[in-house]
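Residues per chain are reported as follows:
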Amino acid sequence: MLDRRTFVMALFLALLTATARAEDSPLAEIHQLLAPMRGVAHATEGRGATPALTTVKHDLRDWFEARLLSFGKNDDEQALAAHLNEALRAADLFCANEAKPSRDRCDHPDGDWDATGFLRPLHLRREAPDALVLVTSVGILCGADESGYVYEWRDGSWQRLWQEERPIAEGKPYKPEYIDGVDISLPDQDNGPTNILSFGHESWCTSTFYDVYFSLWRVGAAGGPAKLLLDKAEPAWLGWHEPPIEGSVGAGDALIEFTVPSIDLDIHSYEAVRHYRIDGDKVLRIDPIALDPAAFVEEWLKDDWAESARWSAIAARTPLQAWHAKFHGDTIAGEYLGKPQGCRSTPDLWQVGLRFYTPAKKPLGTLYFSVRWQPPYRFRMIDAAESPRADCDAPASRGDGLDTLFPIQEWR
């Protein structure tokens, strides 16, 4: 017969073992879902992603949220993330081979890096005293597909406020996202609404030209489901800086910046700016829309006229609309006629010359754009003509195409 002390110790060990098994059970189920996907050839079209990965995403999220139940408001989120990633590693869910630590099972010398059937470490950070941001990652062929979550401390516990993930469904286009950032605004008043900006890019091994994504959400003061205000995907060049897209959100505006291809192949690319005013559930694009006169001309040409008209002088909109109709479109190529030139008679006026071609290099004409530039980054299209202005020959003192609004944003 066991004495009381031995009995209590045996009971404690049994409960500890049962608890550990209960905690490990969801990870074992995730492993069971992922294991058949490992080490097999995957078609580039689907990149190894199947609807089963959606189940994995949700199981991983639910496993995290079960751990979050015992996480206090002021506890160390980095310690929690390290503990959870160690549990994922111990469950054989990472690319690293536990038997041979030096071997990466996702690295294939005869093909693309393939993490299908594995997870990447989760990332957890505190965005504000009462908000946590979680990013989870499932592997696919030559990249990863990530999901983002925001948790708010409310009524004595962490509660999910927002989530974003790319759907994986048979027969539907699949666009995986690598999340570069999730930014949260602090309410402009007590118990005011919260704005959430998520931004990222599509990862792939064959090119540095792929879509960037950004979405803007609003959560009311009383909580409840997040409302999607803006959801965009735009082609971009991912090779200029890391991360390839940056963003920030405040109580009344959202700012996004990334690099896009230029119509002039020799210029190659330029920094694109997307700045929006948030007014309740309405979103309107506002200044700045570009960082230099040449980039403004490209944005003006690429936008639909309804949008470009907003950035055009009212008195010149009729002739400008005709020029816009002639040279607007995704199939137009061009060649800048040197750098933007300042106009001596009007200090805030700049001239941008462009020679237009079809993609087959058939000439379409030459046009000189007159752009008003008021500090810091407010541009308006004033005029366009086939001949240059005689007084616009001053050397450029700024507008070299290297400006950025990140990380410095005193202009806001």
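### Some points on the environment of G250
No. 1: Take G250: it is sitting in the loop between β9 (245-249) and β10 (253-261).
No. 2: Assessed through its relative accessible area of 18%, G250 is described here as buried.

### Things to note about the pattern of salt bridges
No. 1: A complete count under the given rule lists 26 salt bridges for this structure.
No. 2: Between D130 and K73 there is a salt bridge; the shortest N-O distance is 3.3 Å. Of the two residues, D130 is situated in the loop between β1 (119-128) and β2 (131-140) and K73 in the loop between α2 (51-68) and α3 (77-90); the sequence distance between them amounts to 57 residues.
No. 3: E86 serves as the salt-bridge partner of R89, at 2.2 Å between the closest nitrogen and oxygen.

### A look at the nonpolar core
Taken as a class, soluble globular proteins show a tendency for nonpolar side chains to be buried jointly.
No. 1: Formed by 58 residues in total, the largest nonpolar core has its most connected members in F258, F296, L301, F356 and F369.
No. 2: The element best represented in this core is helix α4 (residues 293-302), accounting for 6 residues.
No. 3: Residues in contact with L301, not counting those within four places in the same chain, are I263, H324, F327, H328, G329, L354, F356 and F369.
No. 4: By size, the runner-up hydrophobic cluster in this structure holds 30 residues, among which are L53, F94, V138 and Y174.

### Here we look at the environment of E146
No. 1: Tracing the backbone shows E146 in strand β3 (residues 143-154).
No. 2: Look at E146 and you get buried, because its relative accessible area is 5%.
No. 3: With 11 residues separating them along the chain, E146 and V135 place their C-alpha atoms 6.6 Å apart.
No. 4: In this structure, E146 is in contact with V135, T136, S137, E177, Y178 and I179, ignoring residues within four places of it in sequence.
No. 5: One polar contact links the side chain of E146 to the main-chain amide nitrogen of I179, over a distance of 2.9 Å.

### Structural notes on the state of the cysteines
No. 1: Scanning the entire structure with this criterion turns up 2 disulfides.
No. 2: There is a disulfide in this structure between C95 and C106, and the S-S distance comes to 1.9 Å. Judged by the sign of its S-S torsion, about -75 degrees, the cystine formed by C95 and C106 is left-handed. In this pair, C95 is assigned in the loop between α3 and β1 and C106 in the loop between α3 and β1, connecting sequence segments 11 residues apart.
No. 3: When its relative accessible area of 11% is taken as the criterion, C95 is described as buried.
No. 4: The buried category is assigned to C106, whose relative accessible area is 0%.
No. 5: Across the disulfide from C343 sits C392; the S-S distance is 1.9 Å. Judged by the sign of its S-S torsion, about 100 degrees, the cystine formed by C343 and C392 is right-handed. A residue pair is termed long-range when its members are at least 10 positions apart, and C343 in the loop between β14 (341-342) and β15 (349-357) and C392 in the segment after β17 (378-385) qualify at 49 residues. The exposure classification of C343 matches that of C392, with both residues buried.

### A closer look at the pairing of β15
For a regular strand, side chains alternate in direction, first toward one face of the sheet and then toward the other.
No. 1: Counting buried residues along β15, 8 of its 9 residues qualify, which places the element largely inside the surrounding structure.
No. 2: Where strand β13 (residues 333-336) meets β15, 4 bridges bridge the pair, whose relative direction is antiparallel. What sits directly across from Y336, in β15, is L354.
No. 3: Sheet analysis places β14 next to β15, joined by 2 bridges and oriented antiparallel. Bridge assignment links Q341 to a residue of β15, and that residue is Q351.
No. 4: If you look at the hairpin formed by β14 and β15, you'll find 6 residues sitting between the two strands.

Reading guide: rules and limits
Residues numbered from 1 in each chain as written. Predicted model: local features only at pLDDT ≥ 70, side-chain atom pairs only at ≥ 80, totals over all residues. Heavy atoms only, no water. Helix = DSSP H or I, 4+ residues; strand = E, 2+ residues; numbered from the N terminus. Buried < 20%, exposed > 50% of the residue type's maximum accessible area, 1.4 Å probe, protein only. Salt bridge = Lys/Arg side-chain N within 4 Å of Asp/Glu carboxyl O. Core = buried A, V, L, I, M, F, W, Y, C linked by side-chain atoms within 4.5 Å. Contact = heavy atoms within 4.5 Å. Polar contact = N/O pair within 3.5 Å; in protein donor to acceptor, adjacent residues only side chain to side chain. Disulfide = S-S within 2.5 Å. Pairing = 2+ DSSP bridges.

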